[in-house]
Every structure is written in C-alpha cells, then in structure tokens.
Amino acid sequence: MMSRAVFTAGSRLCVFVLAALMSAATSSCTEKPKASMPKTSITVVPPSVTVHPLKNIPSKKHTASAYEHEVARTDWLFTINTELDFSIVKEEKQKDGYHLWIEITGVKLKLALPIATSISDKAPEYVVLHEQGHASICRRIYASSRQYALDAANSVIGKRVEGFGSDRKLALSNALQIAGQEVASPYKAKTAAVADKVSSIYDQLCQKEDRRNLVEKTIEEAFAAVEKEEKR
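Residues numbered from 1 in each chain as written. Predicted model: local features only at pLDDT ≥ 70, side-chain atom pairs only at ≥ 80, totals over all residues. Heavy atoms only, no water.

Participant: Go over the packing of helix α5 (residues 192–208) against helix α6 (residues 215–231) with me, naming the residues and quoting the values.
Facilitator: α6 packs onto α5 with a crossing angle of 125 degrees between their chain directions and a minimal axis gap of 8 Å. Here α5 is positioned oblique relative to α6, judged by the angle of their axes. Considering the relative orientation of α5 and α6, their crossing is right-handed. Seen from α5, the contacting residues are V194, K197, V198, I201, Y202, L205 and C206; seen from α6, they are V215, T218, I219, E221, A222, F223, A225, V226 and E230. (Axes fitted to C-alpha atoms, helices over the stretch in contact; angles between N-to-C directions. Helix = DSSP H or I, 4+ residues; strand = E, 2+ residues; numbered from the N terminus. Parallel < 35°, antiparallel > 145°, perpendicular 65-115°, else oblique. Left-handed = near helix turned anticlockwise from the far one by under 90°. Contact = heavy atoms within 4.5 Å.)

This is the structure we're talking about:
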C-alpha cells in the first residue's frame, strides 16, 4: 500500500517551511502498483517578476548608491512543492517510543521563482538596472532548477527513512519530515543559497566602485567569485 504526503519549502535566506497533514497522508492511501506511477515528476513554473513602489523615501536618499536597500531592494523565493509517495515497511513500539520506517517510492515536484522588487519611483535609472541585475542572477540559477530538483528527488527514491515519536502518528510525521528535507535541502543549496552568495558579492562589487554601466560584467564577476570559492 502506498501513501502520499505533500510538503512546501521556500527560501529567500535559506528558510525551510514544512507542512505535513497526517490525516491527508494516511487517508490518501491507494492500492496502485508502483510501476503504474512515474517515480519522479517535475513541473517548473516560469519565473515571475513584480515591481512595487517604495514611498516616503527622504529626498537625499534618491541619489544613494545602487546597492543601498533604502531606495530599492529585490527579494526572491525559490519554492519547491513536494509530494512524496511512500510505503510503510516496518513499525515498532519500543520502550523509548514509536519507531516507523518508510520507503520513498515516488516524488512529484513543482518549482517556482517569484521575484519582487520594491523601488522608489524617483530612483535613478542606474538603481533600476542594479535591481534588474539581482533578478537576472536568480533567473540564471533557476534555468538549471529542473536538473537540481531531479538530482534531489532521485537521491531519495527507494530510500528507507526512519521516523520516531511518542506514537505512530508522530513517528510517521517525523519520517516524512526527514524525507522532505532530504529533497528540499540539496535543492535549496543549489538555488537559493547560491543566489544569496552571488547577489551579496554583486552588491559588494558595486559598493567598492562605481559600476553603473557594468551590470552584466559585475554579474559575471560575482558568479565567477562564487564558483572559485566553491572549488577551494
């Protein structure tokens, strides 16, 4: 017998949110042969960019450097909605609590990247271009999101995960949480974490010198710096 649990994870600064409704997980059990369902399914939603006005900015701030977030800022969220198909292969009530083992039989993922820029309507053009640079960084990373998600999903297919709790329900919840994290964590490491690093270096480069007309060059240098750091 297989069951399914749904998780949602999103990250701007490596934030992980897990939602597991045990009633839904247990009530959705269906007698379906494993071969009748694809083990991994991935849907990639195109990235979206929205721009919102920032108000009540002191007039002197309208000429601030591009990297100063009092005039403008861009936030992004690499989200991954995960549906896990699983079978309960073993369960035991022991002295210390309830132990339960599940086997992951399938993973269905939905990826999205909403990007939101908040900017003063009086901000100079170079500030607008700088914020567009942050969005470009995120889109560039997201272009490889399907492969990152596929690698993360395949790493848990067929894997057995042990959960522990004071009762069966909590033990199952713990096992599903662990499995969900094992899908979401490597995906976040390849997407949200990299976006944060590249964007931080991008801002630092703009802080050191005037790069008003060097957005693309600065982006390339920021990516190169992160790649060099990861090779150490």
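On we go.
Participant: Tell me about the pattern of salt bridges, and please be specific about residues and values.
Facilitator: According to the stated counting rule, one finds 11 salt bridges in the structure shown. Notably, a salt bridge pairs K159 with E182, separated by 2.7 Å at the nearest N-O pair. With K159 in the loop between α3 (145–154) and β8 (160–165) and E182 in helix α4 (residues 168–190), the pair connects residues that are 23 residues apart, well separated along the chain. In this structure K159 comes out as partly exposed when scored by relative accessible area, which is 35%. Look at E182 and you get partly exposed, because its relative accessible area is 26%. A salt bridge links R212 to D210, with the shortest nitrogen-to-oxygen separation between them at 3.5 Å. Relative accessible area serves as the criterion here: at 42%, R212 is assigned to the partly exposed category. Here the salt bridges share partners, and the residues they tie into one network are E209, R211, K217 and E221. (Salt bridge = Lys/Arg side-chain N within 4 Å of Asp/Glu carboxyl O. Buried < 20%, exposed > 50% of the residue type's maximum accessible area, 1.4 Å probe, protein only.)

Participant: Could you give an account of the sheet that holds strand β3 (residues 48–54), naming the residues involved and the relevant values?
Facilitator: Consider a sheet: its strands pair through backbone hydrogen bonds, and that pairing is either parallel or antiparallel. Strand order across the open sheet formed by three strands is β3-β7-β4, with mixed pairing between neighbours. The open sheet has two edge strands, β3 and β4 (72–76), and neither has a second partner. For this sheet, the mean inter-axis angle between neighbouring strands, taken without regard to orientation, is 15 degrees. As paired elements, β3 and strand β7 (residues 114–120) share seven bridges and run parallel to each other. In the strand pairing of β7, P53 is matched with I119. (Pairing = 2+ DSSP bridges.)

Participant: Account for the nonpolar core, naming residues and giving values.
Facilitator: If you look at the biggest cluster of nonpolar residues, it comprises 45 residues, and the most contacted ones within it are F78, I102, I104 and L109. Elements that contribute at least two residues to this core include exactly β5 (78–94), β6 (97–112), α2 (125–142), α3, α4, α5 and α6. Looking at this core, the element that brings in the most residues is α4, giving eight residues. (Core = buried A, V, L, I, M, F, W, Y, C linked by side-chain atoms within 4.5 Å.)

Participant: Describe α6, naming the residues involved and giving the relevant values.
Facilitator: If you check α6, its first and last C-alpha atoms are 25 Å apart, about what 17 residues at 1.5 Å a residue would give, namely 24 Å. Where α6 is buried, its residues meet α2 and α5. (Expected span 1.5 Å × (residues − 1).)

Participant: Lay out α3 in plain terms, naming residues and giving numbers.
Facilitator: When we look at burial in α3, the residues that qualify are S145, A149, A152 and A153. Angularly, the buried residues of α3 cover 100 degrees about the axis, an arc narrow enough to put them on a single face. The inward-facing, buried residues of α3 abut β2 (40–44), β6, α2 and α4. (Arc of directions from axis to C-beta.)

Participant: Can you explain the packing of aromatic side chains? Please cite residues and give values.
Facilitator: What the rule picks out here adds up to one aromatic pair. With centroids separated by 6.3 Å and ring planes inclined at 55 degrees, the aromatic side chains of F78 and Y142 adopt a geometry described as tilted. Of the two residues, F78 sits in strand β5 while Y142 sits in helix α2, which places them 64 residues apart along the sequence. Grouping residues by exposure puts F78 and Y142 together as buried. (Phe/Tyr/Trp six-rings, centres within 6.5 Å; stacked < 30°, edge-to-face > 60°.)

Participant: Before we move on, can you summarise the side chain of S145 with the specific residues and values?
Facilitator: Mapped onto the secondary structure, S145 falls in helix α3. For S145, the contacting residues outside a window of four places in its chain are V44, L111 and Y187.

Participant: Can you explain the packing of α4 against α5? Please cite residues and give values.
Facilitator: At a closest axis distance of 3 Å, the pairing of α4 and α5 adopts a crossing angle of 25 degrees. Between α4 and α5, the angle is such that the two are roughly parallel. Residue-level contacts link K188, A189 and K190 of α4 to A192, A193 and V194 of α5. Considered class by class, the residues forming the contact of α4 with α5 number four nonpolar, no polar and two charged. (Nonpolar A, V, L, I, M, F, W, Y, C, P; charged D, E, K, R; others polar.)

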